[in-house]
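Single-letter residue listing:
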Amino acid sequence: MPHTPHISRRELLRGAALVPVAGALAACATPAAPPAATSSSAPVATSAANPLGVPADKPLEVWIFDGGFGQDYATGIHQPLFKSKYPNVEIKHNSTKEITKVLQPRFAGGNPPEVIDNSGANFMDFGALAQDSQLQDLTALLDAPSWDDPNTKVRDTIDQSVIDIGTYDGKFSVLGYVNYIHGIWYSQKAFRDNQWQIPKTWDEFLALCETIKKSGKMAPFTYAGKFPQYLYEPLLTMAAKIGGNEVLVNIDNLEDGAWTAEPMKTAATAWAEVGAKYLMQGTTGLDHIQTQTAQNKYRVAMLPSGSWLENEQKSTTPADFEYGMFPIPDVTGSDKLPYGTLHTQPGENFIVSAKSPNPQAGMEYLRAMLSKKAAGDFSELVRTLTVVKGASEGRKNSPGVESASKAITEAGANVVYYRWNNWYGPLKDEGVAATGELMAGRLSPDKYLERMQKKADEIKNDSSIKKYQRS
Amino acid sequence: MIFNRYRRGLFIISFLAAPVMLYLVYVISPYLQAFYIAMTDWRGVTATPTFIGLDNFVRLFGDETFWKAVTHNVLLLVLLPLITIVIALFFAFLLNVGGAQGVTGIRGSKIYRVVFFFPQVLAVAVVAVLFQQVFRPDGSGMLNGPLMALGVSPIGFLSDPQVAFWSVLGVMVWQAVGFYVVLFSAGLASIPRDMFEAAQIDGAGRMSLFFRVTLPLLWDTVQVAWVYLGILALDVFAIVWVMTDQHGGPDWSTTVMAAEIYRNAFQYSRFGYASALGVVMFVFTVGFAILSLRLSRRERIEY
């Protein structure tokens with residue numbers, strides 16, 4: 001019996017196997033070429049009632065990061081409001097805890113959804129999205145009349161810092177919806193019961209730590225030791241308070257010697273002392289939930305956090321705990337910025353994909369979110385202030401929101417922020433690692449800042465990393 | 001006749017086509033594409049990455065964190081197989097031929113065999129989360145709780161950069177040992193009993209029984225175990241990513257190559273650079289496999 005197979009190799013290759021393989025290969029890991037432009041339909045005319053030109057019946061796909069705020073605010077508040085105006089637009093609501101894993105392939109494949117709450121630990125890199133012009137320019141949204149009042153532009157209803165921070169390559173393209181207010185958080189009840197006073201100066205703060213430590217009732221201070229970014233926050237805010245806003249601007253712009261500047265040294269030394277003397281035992285090995293829960297159990301008095309804290313801890317907080325926050329105390333007596341200076345940062349970042357089928361509806365969805373009703377309902381539901389000015393006025397707020405809201409009113413124009421940690425991921429991770437070492441006493445303040453400066457210089461000299469500037 | 005052969009060919013192809021194609025599309029082609037992506041500046045979103053030649057590989061040489069990760073992998077490569085194999089051999093010996101008679105296991109060996117295998121049944125992520133609790137730095141930690149009760153200050157198993165790496169190694173050994181006990185037991189079972197009996201009649205004690213008889217006859221199995229464990233040490237990821245603070249911290253003290261690849265790709269959105277790291281890791285892994293098979297080649301003992 002001859003052993004020549006009847007089907008030749010050539011036939012086999014030409015047959016079933018090769019064609020689908022070649023097709024599938026092209027669609028696998030490497031990015032696919034974008035599909036031909038589909039936006040051939042004529043744009044819808046804009047009008048006073050429909051300033052962004054939303055097509056009446058084209059669907060809208062919304063992806064919400066299902067994190068600390070959940071997703072009920074989207075389905076229960078924002079989407080009904082949007083629907084009330086556009087009943088024929090079908091909203092496809094989705095949520096995920098893994099934004100990048102789920103949505104990054106959609107961008108690479110050329111069919112991204114319209115609205116994305118690009119938040120959480122695994123958000124998509126904004127720089128990378130901007131670089132590839134995937135972000136819809138939201139300037140039209142800023143210049144559109146607000147949802148509530150046709151005579152006020154959206155631009156004037158939100159904080160200026162939102163626009164500054166959301167601007168990439170000169171275009172406003174990322175809307176931070178929530179206004180995170182950072183500070184030192186404590187229990188108003190514990191402070192009242194023990195007659196501890198809010199410290200106005202750093203010396204008072206240290207004295208308070210000493211008092212609390214001696215009282216033996218609880219540890220004075222802690223932070224999320226596993227995530228030292230919780231600690232570089234007050235450190236940087238303190239440096240800005242001492243040396244003025246330019247300290248942070250220089251760090252963001254990767255200026256030479258920005259990290260080793262004098263105000264940074266003072267701040268690093270101050271916090272290293274707290275790390276050496278006043279931390280709750282075991283702090284370096286605990287995460288944010290564990291330390292915050294320790295505070296709820298009155299085992300520690302103070303910790304640095306942001307205005308999301310109250311909502312995050314709602315299930316473990318005793319009813320009479322009464323969250324409160326205070327700003328970084330005066331340090332030198334000749335600080336450049338006055339008492340009450342706050343670090344605020346818009347968070348929960350919403351984007352509209354430029355290459356999605358229906359970006360107009362996406363922008364309109366954001367406009368609905370920025371109405372006073374939507375923002376106020378949101379604040380009540382998730383106990384966090386939004387960037388919409390005055391949206392929480394006259395509502396029943398929780399003690400933490402009340403305290404943060406008071407702090408932000410008192411701060412007035414003295415608010416600072418930084419962006420290096422979002423712009424340069426490797427620098428952030430170095431900051432996290434080094435700050436942990438500083439607080440554990442394994443790095444001296446000088447060595448700490450030298451190390452950060454070295455990494456910043458490295459990034460500055462790496463041509464493959466896109467650089468950002470701010471003023 | 002021809003029709004029959006034609007049908008047979010068709011029959012074989014119809015069975016092979018699907019798996020071969022799946023393998024090509026989902027295994028071979030991503031491998032090949034990784035080599036290409038490694039030479040681009042792809043950041044994960046654009047459809048048209050720029051070709052930048054070997055820039056990523058040049059950059060990689062100056063990447064301190066990556067080289068730190070490589071040294072951790074190398075340390076694991078040496079220590080993990082060594083410790084695991086020594087412990088597993090010891091247990092397997094006791095369970096099979098360590099008994100008083102020399103040809104049976106010690107008392108209760110059947111139970112131990114099952115117990116040793118338990119860690120292998122748990123998913124790596126489960127093990128990682130479990131050990132996070134075991135290693136907790138406060139009174140609720142399984143190890144620190146008793147220590148603190150004795151008045152000793154707690155050890156930062158995962159929060160002290162000096163200790164964290166050893167905690168990772170410990171967990172990996174803990175999880176791996178059970179499987180290799182079973183593997184070596186199977187190897188031992190295939191050795192004829194009369195060899196042990198003959199050695200015993202000649203007056204061999206447990207020690208010489210182990211080193212003169214068991215180990216040489218098990219060499220093939222040990223060699224396989226070495227390669228498996230070596231590859232495990234080179235591509236360790238989940239345990240480090242899930243268990244350690246800051247995914248490979250604190251202060252990069254536990255990071256490994258795979259963690260750096262993941263970090264660069266999915267956190268820094270540097271897919272091109274991450275692919276270059278992946279290519280380097282591929283070279284290391286293949287190099288190790290070839291090297292270890294060459295070095296451990298020995299004359300086979302036939303029986």
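Starting afresh in each chain, residues are numbered from 1 along the sequence in its written order. The naming scheme follows written order: chains are lettered A onward, ligands numbered 1 onward. Confidence filtering applies because this is a predicted model: local features only for residues at pLDDT of at least 70, side-chain atom pairs given and counted only at 80 or more, and all residues used for totals across whole chains, interfaces and linings. To get the side-chain values, take all heavy atoms of the structure and skip hydrogens and water.

Per an unreviewed UniProt entry, the recorded name for chain B is N-acetylglucosamine transport system permease protein, and the organism is Nonomuraea jiangxiensis. UniProt positions are given in the numbering used here, feature names are shortened, and annotations may be inferred rather than shown by experiment. Taken directly from UniProt, the Sequence similarities (unreviewed entry) text for chain B runs: "Belongs to the binding-protein-dependent transport system permease family."

Named according to an unreviewed UniProt entry, chain A is N-acetylglucosamine transport system substrate-binding protein originating from Nonomuraea jiangxiensis. One UniProt comment on chain A, placed under Sequence similarities (unreviewed entry), says "Belongs to the bacterial solute-binding protein 1 family."

Colleague: Report on the environment of phenylalanine 65 of chain A, specifying residues and quantitative values.
Modeller: Where helices and strands are cited, they refer to DSSP runs of H or I of at least four residues and of E of at least two residues respectively, numbered from the N terminus. For phenylalanine 65 of chain A, the location among the structural elements is in strand S1 (residues 60–65). Residue contacts for phenylalanine 65 of chain A: discarding those within four places in its chain leaves Gly70, Thr96, Lys97, Ile99, Asp117, Ser119, Gly120 and Glu348 of chain A. Throughout, a residue-residue contact means that at least one pair of heavy atoms, one from each residue, lies within 4.5 Å.

Colleague: Could you give me a rundown of unusual backbone geometry, with the residues and numbers involved?
Modeller: For glutamate 348 of chain A, which is not a glycine, the phi torsion comes out positive at approximately 50°. Along the chain, the position of glutamate 348 of chain A falls in strand S10 (residues 342–352).

Colleague: Report on the interface of chain B and chain A, specifying residues and quantitative values.
Modeller: Counting residues at the interface gives 45 residues for chain B and 55 residues for chain A. Counting the surface lost from both chain B and chain A, the interface buries some 4100 Å², and carbon and sulfur atoms represent 58% of this. Any carboxyl oxygen of Asp or Glu within 4 Å of a side-chain nitrogen of Lys or Arg constitutes a salt bridge here. The interface formed by chain B and chain A contains 7 salt bridges. Between lysine 454 of chain A and glutamate 64 of chain B there is a salt bridge, and its shortest N-O distance comes to 2.9 Å. In the analysis that follows, any N or O atom pair within 3.5 Å is treated as a polar contact, provided that within protein one partner can donate a hydrogen and the other can accept it, and provided that, for residues neighboring in sequence, both atoms belong to side chains. Between the two partners, chain B and chain A, sit 9 residue pairs in polar contact (both at pLDDT 80 or more). In terms of residue count, the dominant contributor to the side of chain B that touches chain A is helix H1 (residues 2–37) of chain B (13 residues). Here the quantity called buried area is the total loss of accessible area, with a 1.4 Å probe, experienced by two parts when brought into contact, counted for both.

Colleague: Can you lay out the packing of helix H4 (residues 109–121) of chain B against helix H7 (residues 161–189) of chain B for me, pointing to particular residues and giving the numbers?
Modeller: All names here are of chain B. At a minimum axis separation of 7 Å, H4 and H7 run at an interaxial angle of 125°. By the angle between their axes, H4 is oblique relative to H7. The handedness of the crossing between H4 and H7 is left-handed. Residue-level contacts link Phe116, Phe117, Pro119 and Gln120 of H4 to Trp174, Gln175, Ala176, Gly178, Phe179, Val181 and Val182 of H7. Under the grouping applied here, Gly and all other residues not named as nonpolar or charged are polar, the nonpolar ones being Ala, Val, Leu, Ile, Met, Phe, Trp, Tyr, Cys and Pro and the charged ones Asp, Glu, Lys and Arg. Considered class by class, the residues forming the contact of H4 with H7 number 8 nonpolar, 3 polar and no charged. In this description, a line fitted to the C-alpha atoms serves as the axis of each element, helices being fitted only across the stretch in contact, and the angle between N-to-C directions of two axes falls anywhere from 0 to 180 degrees. Just so you know how the angles are binned, under 35 degrees is roughly parallel, over 145 roughly antiparallel, 65 to 115 roughly perpendicular, and the rest oblique. Definitions for this section: a left-handed crossing has its near helix turned counterclockwise from the far helix by less than a right angle. A right-handed crossing has that turn clockwise.

Colleague: Got a sec to walk through the domain arrangement of chain A? Specific residues and values, please.
Modeller: Residue and element names in this part refer to chain A. One can read the domain layout of chain A as domain 1 (60–180 + 345–404) and domain 2 (181–343 + 417–460). Start and end positions for the domains come from either an automated domain assignment or a database one. Relative to domain 2, the C-alpha centre of domain 1 lies at a distance of 29 Å. Opposite the 22 residues of domain 1 that make contact, domain 2 presents 19 residues. Taken together, the two surfaces of domain 1 and domain 2 that pack against each other cover about 1700 Å², and 50% of this comes from carbon and sulfur. If you sort the residues of domain 1 by the area they bury against domain 2, Tyr180, Gln345 and Arg383 come out on top, with a joint share of 35%. Here domain 1 and domain 2 share 0 salt bridges between them. Where domain 1 packs against domain 2, one counts 10 residue pairs in polar contact (both at pLDDT 80 or more). Of all the elements in the fold, those that place two or more residues in the side of domain 1 that touches domain 2 are helix H6 (160–165), strand S4 (167–168), strand S6 (175–187), helix H15 (372–382) and helix H16 (399–411). Here the element with the most residues in the side of domain 1 that touches domain 2 is H16; it accounts for 5 residues. Residues that form the side of domain 1 that touches domain 2 fall into these classes: 11 nonpolar, 9 polar and 2 charged.

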